[in-house]
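# Residue-level structure breakdown
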Amino acid sequence: MATTEETPTRKIQVKRFKPEEYPEKHYLNQEKGLWAWLTTVDHKKIGLMYLMSVAFFFLVGGVLALLLRTELLTPARNFMTADVYNQVFTLHGAIMIFFFLIPSVPAALGNFVLPLQLGAKDVAFPRLNLASFYIYVIGALFTITAIFTGGIDTGWTFYTPYSSTTGGSVAMMTLGVFILGFSSILTGLNFIVTIHKLRSPGITWNKLPLNLWGLYATSLIQILATPVLAITLLLLTMERVLSIGIFDPALGGDPVLYQHFFWFYSHPAVYIMIVPGFGIVSEIISTFSKKVIFGYWAIALSSLAIAFIGFLVWGHHMFTAGQSSLANMVFSFLTFLVGIPTGIKIFNWLATMYKGSIDLKTPMVYILVFLFLFTIGGFTGIMLGALSVDVHLHDTYYVVAHFHYVMMGGMVMAFLGGLHYWWPKMFGKMYSEFWGKIAAGIIFVGFNMTFLPQFIMGSQGMPRRYYNYIDQFQAFHQFSTIGAYIMGVGFVIIAAYLLHSLLRGEKASSNPWGSRALEWQTSSPPDLHNFKHTPVIINGPYDYHKPMSEFQLGIATPHNGHGHHEEEGMDVAETEKEKA
Amino acid sequence: MSGTSATIEKRLDHLQHHFIDSDQQFESAKLGMWIFLATEILFFGGLFAAYIVYRSWYPELYIQASTELNTFWGAINTGVLIGSSLTVAMAIRSAQLNQIKGLIYNLYITIALAFVFMVIKYFEYTHKFHLGIYPGEYYTFEGIAHEKANIFFSIYYMMTGVHGLHVLIGIGLMIWLVFKAKKGAFHSGYYTPVEITGLYWHLVDIIWIFLFPLLYLID
Amino acid sequence: MNSLSDFMLPPAKSTLAGQTDALFNFINVTSLIFLIGITFAIIYFSWKYRRRSENDVTPVITHNNKLEITWSVIPLILVIIVFGWGFTGYMNKATPPNDSYEIRVVGKSWLWEFHYPNGYVSVGELHVPEDRPVKLVMSSTDVIHSFYIPDFRVKKDVLPNRYTSLWFEATDPGESVVFCTEYCGNAHSNMMATTIVHTQEDFQSWLETAGSADENLTPVELGEQLTTRNACTTCHSVDGSVLQGPSFQGLFGSEAPLESGETVSVDENYIRESILEPQAKIHEGFQPVMPSYAGTLDDNQINAIIEYIKTLD
């Protein structure tokens with residue numbers, strides 16, 4: 001950052017370090033035993049522990065979704081009572097959002113990749129990182145306790161006064177989410193400090209991988225918005241426990257104030273869920289198009305712009321809640337402004353593919369699916385931002401379909417893309433390319449079958465969170481349910497071939513995709529300390545027109561250096577005095 | 001601090017493996033703490049927002065209800081916290097100068113002042129409970145002719161309660177610092193925990209400086 | 001395009017629907033054009049620029065200012081159009097004409113109550129005249145509800161601590177469904193009502209006879225009608241199945257166990273109390289969620305309901 005004209009260009013001696021192929025010792029086997037895993041401060045292992053946790057919660061949330069869809073096959077009761085149904089949709093929402101989407105990319109994939117992409121040995125605060133994981137686990141335990149001690153039926157938004165008067169363990173659940181918030185805050189804090197302070201020599205801000213720009217923007221939202229959720233849920237918990245009356249109209253409070261508080265966090269939280277996805281898309285598109293990313297700064301800054309504007313649009317969840325027309329006007333206008341940087345990203349990605357050398361491997365397939373589905377999610381967002389139309393569509397299935405297109409069609413596809421992309425790096429094993437594409441195809445078909453009919457139902461007036469519905473919607477509901485089952489099959493296939501890959505997979509080379517990004521310039525799986533040298537960066541992570549040898553430079557450090565590589569020393573001008 | 005003079009023996013046992021040098025570690029910790037303070041401000045910001053909203057709706061309630069708060073003890077507490085901020089700053093100064101005894105004494109004084117604050121707070125709370133001024137539903141006091149009086153005190157209890165919790169956490173942190181200091185963990189080359197705890201303590205102090213006039217001094 | 005909009009939207013039965021639908025169609029068509037373009041680009045690029053060898057060389061294109069400005073400004077102009085259009089439409093929905101016919105709406109878990117200017121109260125049925133602006137002034141007695149008539153394209157949250165309002169002008173006589181769209185508990189999806197649009201003359205005559213139509217019925221018949229009209233049967237079945245509340249079948253004369261552990265014999269007084277003060281004695285195994293009907297039902301009507309429940313054994 002601190003570039004002053006007087007900084008002398010210092011010459012440093014670097015060597016080329018070709019990554020060791022199929023290393024005998026790597027982070028997965030350098031420390032052994034369950035205890036070593038549970039107490040590890042290694043960001044890669046913590047990332048994998050998160051990955052297992054989010055996979056577990058995705059499974060739980062997914063099964064709940066299938067239960068809901070099955071219940072909705074017919075207008076009347078199938079096999080759940082209304083009360084059970086309400087608890088199931090509440091849990092589906094809460095688990096998917098708080099336990100899967102929010103930690104999925106930042107905490108699971110981000111933890112694994114971020115220090116690797118920076119050339120750092122770890123995140124800035126490894127013990128804090130482990131603490132974040134356990135805070136997440138404690139939050140999850142609270143939630144599970146809540147489920148088994150009465151359950152909750154408020155919807156994931158916990159609107160007052162319903163949430164302050166209904167039965168069940170609302171306080172336990174909100175406390176769980178409150179605790180979870182700290183996990184999210186501390187992860188964000190860790191990432192910001194790591195990106196600021198632990199970059200390898202030569203990683204200037206304009207050579208930062210776009211994935212890190214995405215994570216940086218996400219972390220900013222996490223540290224600025226999550227505390228507001230924390231205080232909101234603390235107040236709500238107190239409302240339940242002590243009846244403090246700030247949100248409960250029966251005691252003189254105001255329920256709309258709760259909605260303002262809640263959405264001030266929860267709208268930015270939507271961007272916590274999607275912005276890291278943008279980062280992954282940029283990485284994968286560039287790698288599999290083998291081409292310089294188009295509009296690096298446009299993509300990087302649009303993530304920050306989205307994060308910033310995201311703080312100013314919470315009121316668009318309340319267009320029908322009786323806010324003033326002026327407030328509605330402002331929030332509607334700002335909402336549309338989010339559309340511009342989002343559109344810019346889509347066009348930049350397309351432009352990156354133009355004249356590229358496109359290899360349709362599974363990660364790329366997921367990203368193309370992302371582009372299609374997320375575009376639909378974006379346009380339907382424009383529809384919902386238009387005030388007069390939103391009055392009609394608010395709280396209908398149209399909204400349900402919209403956010404599933406953004407969250408599932410967007411974030412989950414990006415997550416799957418990222419998971420396949422970094423899988424060889426994580427485990428040193430390849431997955432089945434054939435089954436990967438089959439599963440992607442099945443999920444694509446199933447997803448659209450599930451949610452396209454919901455746009456139509458919603459436009460026709462089908463309200464969300466309905467246990468019963470009038471007969472005219474039955475055909476749509478049934479179609480949607482069948483789509484959900486098909487999607488379920490797709491995910492089962494993914495689970496099967498990934499497990500197979502873990503156990504019997506073919507060994508992966510250090511850089512199976514021919515990427516120029518830093519994390520691919522070390523072994524697969526990496527060493528416990530990521531690199532056996534200090535990487536030195538002179539090119540951007542997307543400079544596909546430059547030879548690979550320029551991306552494998554480093555300094556052998558006395559700390560952990562192994563100086564037995566072929567000598568290809570060269571002088572690199574260190575123009576910026578980067579401490580890290 | 002990186003200027004290694006001959007008199008100061010450079011000790012590196014505190015340096016964690018993933019940092020290049022002490023400076024990088026120190027700066028990372030400090031940046032981390034500043035970011036944490038930002039989240040703290042937003043955390044309290046939610047309470048301040050609730051305060052502002054209700055005050056703009058019921059300005060007369062705030063004027064009436066604040067008379068129930070004891071300005072004298074509130075002012076004393078403000079003085080106590082400002083004093084403790086001073087001593088914590090002196091503790092950091094002592095650490096920088098390698099005066100470990102001074103560090104420990106200053107931490108002791110800070111802890112004592114924090115306890116004084118909590119004790120005064122305890123008497124303020126019990127006095128109100130005695131009058132029947134409980135939060136929300138349990139509010140039974142009849143001295144204020146306003147139907148939303150319970151909400152003012154809900155906000156009062158939430159704000160001062162959460163702040164009090166922060167004071168308690170601060171006490172815990174400083175006791176931990178004393179233990180570490182006695183073991184000789186800190187010296188002029190490494191006093192990061194003292195520095196960032198000090199930052200935290202200043203924040204706790206500043207929040208009280210906002211709470212005091214907002215709650216006690218409404219005319 | 002009309003067929004697409006007919007397929008996606010419910011019939012347009014108010015003066016406010018046209019503008020909303022026009023914007024809905026505009027956004028759909030514009031989005032579809034963009035979506036087709038983007039999808040085409042994805043597929044075309046994937047095929048045209050597919051990898052031919054591992055040694056492919058790609059051009060270095062880092063940015064293109066003209067192009068980037070174009071694809072920022074065009075969407076910006078489009079969204080500003082959509083914003084302005086949506087906002088004017090919204091202002092129309094937010095400002096009822098001065099001469100509107102006013103009806104009070106009360107949302108309770110889980111029924112809609114409509115109070116007409118002449119004092120008549122209907123539950124679950126909103127009667128309105130056609131071609132005349134109608135303003136609904138709404139409030140809730142418990143949690144937040146939301147009043148939604150898809151055919152009219154209007155919706156507004158109904159809050160417990162303040163009044164909200166919406167207005168519409170129905171264009172066709174007939175029936176339209178009313179939904180509650182703010183989640184409010186177990187029978188949220190049953191919290192429906194019917195809007196019945198009369199011609200202006202029919203509406204006047206309905207209003208005059210509404211209260212007296214019941215006089216010709218026997219108490220049992222009247223009671224049966226009242227239990228559906230007042231949405232009692234949303235929660236209390238008449239065939240023994242358990243919904244949100246105890247079934248009416250076999251209720252009268254039974255001994256009801258209470259949440260407090262006591263039992264109470266279900267007689268006229270208990271039923272009357274349960275209608276007017278539902279929280280007083282809660283039947284074991286049920287939530288205290290029933291709204292009070294004090295002020296909604298008069299003594300005569302309560303008697304009729306009791307007579308009707310007596311017949312269900």
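Throughout this description, residue numbers start from 1 for each chain and increase along the sequence as written. Here every chain gets a letter starting at A, and every ligand a number starting at 1, in the order they are written. In keeping with the predicted nature of the model, local features appear solely for residues at pLDDT of at least 70, side-chain atom pairs appear and are counted solely at 80 or more, and the whole-chain, interface and lining totals rest on all residues. For side-chain calculations, the full set of non-hydrogen atoms in the structure is used, while hydrogens and water are omitted.

### So, the packing of aromatic side chains
- Two aromatic rings from Phe, Tyr or Trp, using only the six-membered ring of Trp, form a pair when their centres are within 6.5 Å; if the ring planes differ by under 30 degrees the pair is stacked, by over 60 it is edge-to-face, and anything between is tilted. Taken as a whole and assessed by the stated rule, the structure comprises 94 aromatic pairs over all chains.
- Where Phe278(A) meets Trp349(A), the ring centres are 5.9 Å apart and the plane angle is 50°; that geometry is what we call tilted. Placement of the pair is Phe278(A) in helix α8 (residues 255–289) and Trp349(A) in helix α10 (residues 325–353), with a sequence separation of 71 residues. Neither Phe278(A) nor Trp349(A) differs from the other in exposure class; each is buried.
- With 4.9 Å between their ring centres and 50° between their planes, Phe447(A) and Phe451(A) make a pair best called tilted. On the criterion of helical spacing, the pair formed by Phe447(A) and Phe451(A) is a turn pair, its members being 4 residues apart in helix α14 (residues 433–460).
- Aromatic rings pair up to connect Tyr51(B), Tyr62(B), Tyr125(B), Phe129(B), Tyr134(B), Phe152(B), Phe153(B), Tyr156(B) and Tyr157(B) into one cluster.
- Either the NZ atom of lysine or the CZ atom of arginine qualifies as a charge over a ring when it sits within 6 Å of the ring centre and within 35 degrees of the ring normal. Cation over ring: Lys45(A) sits above Trp37(A), and NZ or CZ is 5.1 Å from the ring centre.
- Note that Lys108(C) overlies the ring of Tyr293(C), its terminal NZ or CZ placed 5.7 Å from the centroid. Counting from the N terminus, the helices are the DSSP runs of H or I reaching at least four residues and the strands are the DSSP runs of E reaching at least two. We call a residue buried when its accessible area falls under 20% of the maximum for its residue type, exposed when it is over 50%, and partly exposed in between, using a 1.4 Å probe and counting protein chains only.

### Section: the nonpolar core
- In this description, a nonpolar core means a group of buried Ala, Val, Leu, Ile, Met, Phe, Trp, Tyr and Cys residues linked to one another through side-chain atoms lying within 4.5 Å. Residues Phe98(A), Phe147(C) and Phe168(C) are the most contacted members of the largest nonpolar core, which totals 331 residues.
- In terms of residue count, helix α3 (residues 82–118) of chain A provides more of this core than any other element does, 23 residues in total.
- Here the limits of each domain have been adopted from an automatic or database domain assignment. Two domains share this core, each providing at least three of its residues, namely domain 1 (2–49 + 62–94) and domain 2 (101–209) of chain C.
- Any two residues having at least one pair of non-hydrogen atoms within 4.5 Å are treated as being in contact. If we ignore the near neighbours within four places in the chain, the residues touching Phe98(A) are Pro103(A), Trp156(A), Phe158(A), Val177(A), Leu180(A), Leu229(A) and Tyr265(A).
- Membership of the second largest hydrophobic core comes to 24 residues, among which are Leu222(C), Leu226(C), Cys232(C) and Ile271(C).

### Re the interface of chain B and chain A
- Taken together, the contact pairs 35 residues of chain B with 40 residues of chain A.
- Summing both sides of the interface, chain B and chain A together bury roughly 3,200 Å²; the carbon and sulfur share of this comes to 73%.
- Should a side-chain nitrogen of Lys or Arg be within 4 Å of a carboxyl oxygen of Asp or Glu, the pair is scored as a salt bridge. At the boundary of chain B and chain A, one finds 1 salt bridge.
- For Glu27(B), the salt bridge identified is with Lys197(A), shortest N-O distance 3.5 Å.
- Under the rule applied, a polar contact is a pair of N or O atoms within 3.5 Å (in protein, one hydrogen donor and one hydrogen acceptor; residues adjacent in sequence only if both atoms are side-chain atoms). Joining chain B to chain A, the criterion identifies 8 residue pairs in polar contact (both at pLDDT 80 or more).
- Mapped onto the side of chain B that touches chain A, the elements with two or more residues apiece are α1 (22–57) and α5 (149–182) of chain B.
- Broken down by element, the residue count for the side of chain B that touches chain A peaks at 18 residues, all from α1(B).
- In terms of residue class, the side of chain B that touches chain A is built from 20 nonpolar, 11 polar and 4 charged. Accessible area, probed at 1.4 Å, shrinks when two parts are joined; the buried area is that loss added up over both. The nonpolar class holds Ala, Val, Leu, Ile, Met, Phe, Trp, Tyr, Cys and Pro. Asp, Glu, Lys and Arg form the charged class, and all remaining residues, Gly among them, are polar.

### Things to note about the UniProt feature "transmembrane region" (unreviewed entry) in chain B
Residues and elements named next belong to chain B.
- UniProt positions are given in the numbering used here, feature names are shortened, and annotations may be inferred rather than shown by experiment. Those places that UniProt annotates as "transmembrane region" (unreviewed entry) correspond, in this numbering, to residues 31–52, 72–92, 104–123, 155–179 and 199–218.
- The span residues 72–92 is 100% helix and 0% strand, and its two end C-alpha atoms sit 31 Å from each other.
- Along residues 104–123 the backbone is 100% helical and 0% strand, and the end-to-end C-alpha distance reaches 29 Å.

### Some thoughts on the UniProt feature "transmembrane region" (unreviewed entry) in chain C
All names here are of chain C.
- Mapped onto the present numbering, the UniProt feature "transmembrane region" (unreviewed entry) falls on residues 23–47 and 68–87.
- Structurally, residues 23–47 is divided into 100% helix and 0% strand, and its ends, taken at the C-alpha atoms, are 36 Å apart.
- From the first C-alpha to the last, residues 68–87 spans 28 Å; its make-up is 100% helix and 0% strand.

### A short note on empty space enclosed by the protein
Residue and element names in this part refer to chain C.
- With a 1 Å grid laid over protein atoms only, a set of points is called a cavity when a 1.4 Å probe fits there but cannot get out and a pocket when it is open yet has protein on both sides within 12 Å along at least five of seven lines; lining residues have an atom within 4 Å of a point. Grid points are joined across faces, edges and corners, and a volume is the space filled by probe spheres set on the points. Enumeration over the complete set of coordinates arrives at 7 cavities of 30 Å³ or more.
- His236, Gly245, Pro246, Ser274 and Met290 are the residues nearest the centre of the largest cavity, which is lined by 32 residues in total.
- Sorting the residues of the lining of the largest cavity by element identifies α6 (268–276) and α7 (299–310) as the ones contributing at least two each.
- Partitioned by chemical class, the residues of the lining of the largest cavity number 23 nonpolar, 8 polar and 1 charged.
- Two domains each put at least three residues into the lining of the largest cavity: domain 2 (101–209) and domain 3 (215–310).

### Considerations on the interface of chain C and chain A
- Opposite the 76 residues of chain C that make contact, chain A presents 93 residues.
- Summed over both partners, the interface of chain C with chain A comes to about 7,100 Å²; 68% of that surface belongs to carbon and sulfur atoms.
- The largest share of the area that chain C buries against chain A comes from Arg51(C), Trp71(C) and Tyr183(C), three residues that together contribute 11% of it.
- On the surface where chain C and chain A come into contact, there are 2 salt bridges.
- Put simply, chain C and chain A have 27 residue pairs in polar contact (both at pLDDT 80 or more) between them.
- Elements that contribute at least two residues to the side of chain C that touches chain A include exactly α1 (2–8), α2 (17–48), α3 (65–94), β7 (154–158) and β9 (174–180) of chain C.
- A class-by-class count of the residues in the side of chain C that touches chain A yields 40 nonpolar, 23 polar and 13 charged.

### Looking at the side chain of Ser183(A)
- Summarising the element assignment, Ser183(A) is placed in helix α6 (residues 170–197).
- For Ser183(A), a relative accessible area of 4% corresponds to the buried category.

### Topic: the layout of surface pockets
- Here the second largest pocket is characterised by a volume of approximately 1,400 Å³.
- Going through the elements one at a time, α4 (126–148), α6 and α7 (210–242) of chain A together with α1, α5 and α6 (192–216) of chain B are the ones with two or more residues in the lining of the second largest pocket.
- With 11 residues, α5(B) is the single largest residue contributor to the lining of the second largest pocket.
- Its residues assigned to classes, the lining of the second largest pocket shows 31 nonpolar, 10 polar and 4 charged.

### A few points about the sheet that holds β9(C)
Residues and elements named next belong to chain C.
- Pairs of strands are assigned from DSSP output, requiring at least two bridges between the strands. If you trace the 5 strands from one edge of the open sheet to the other, you get β4-β10-β9-β6-β7, paired in mixed fashion. The open sheet has two free edges, formed respectively by β4 (125–129) and β7, since each of these has just one partner strand. Neighbour-to-neighbour, the strand axes of the sheet open up by a mean angle of 25°, direction not taken into account.
- Here 5 bridges tie strand β6 (residues 145–149) to β7, and the two strands are oriented antiparallel to one another. Looking at β7, one finds that Tyr148 is bridged to Lys155.
- For helices, the fitted line uses only the C-alpha atoms of the stretch in contact; every axis is such a line through C-alpha atoms, and the angle between N-to-C directions lies from 0 to 180 degrees. Contacting β4 and β10 (193–198), helix α4 (residues 200–209) crosses the sheet at an angle of about 130° to β4.

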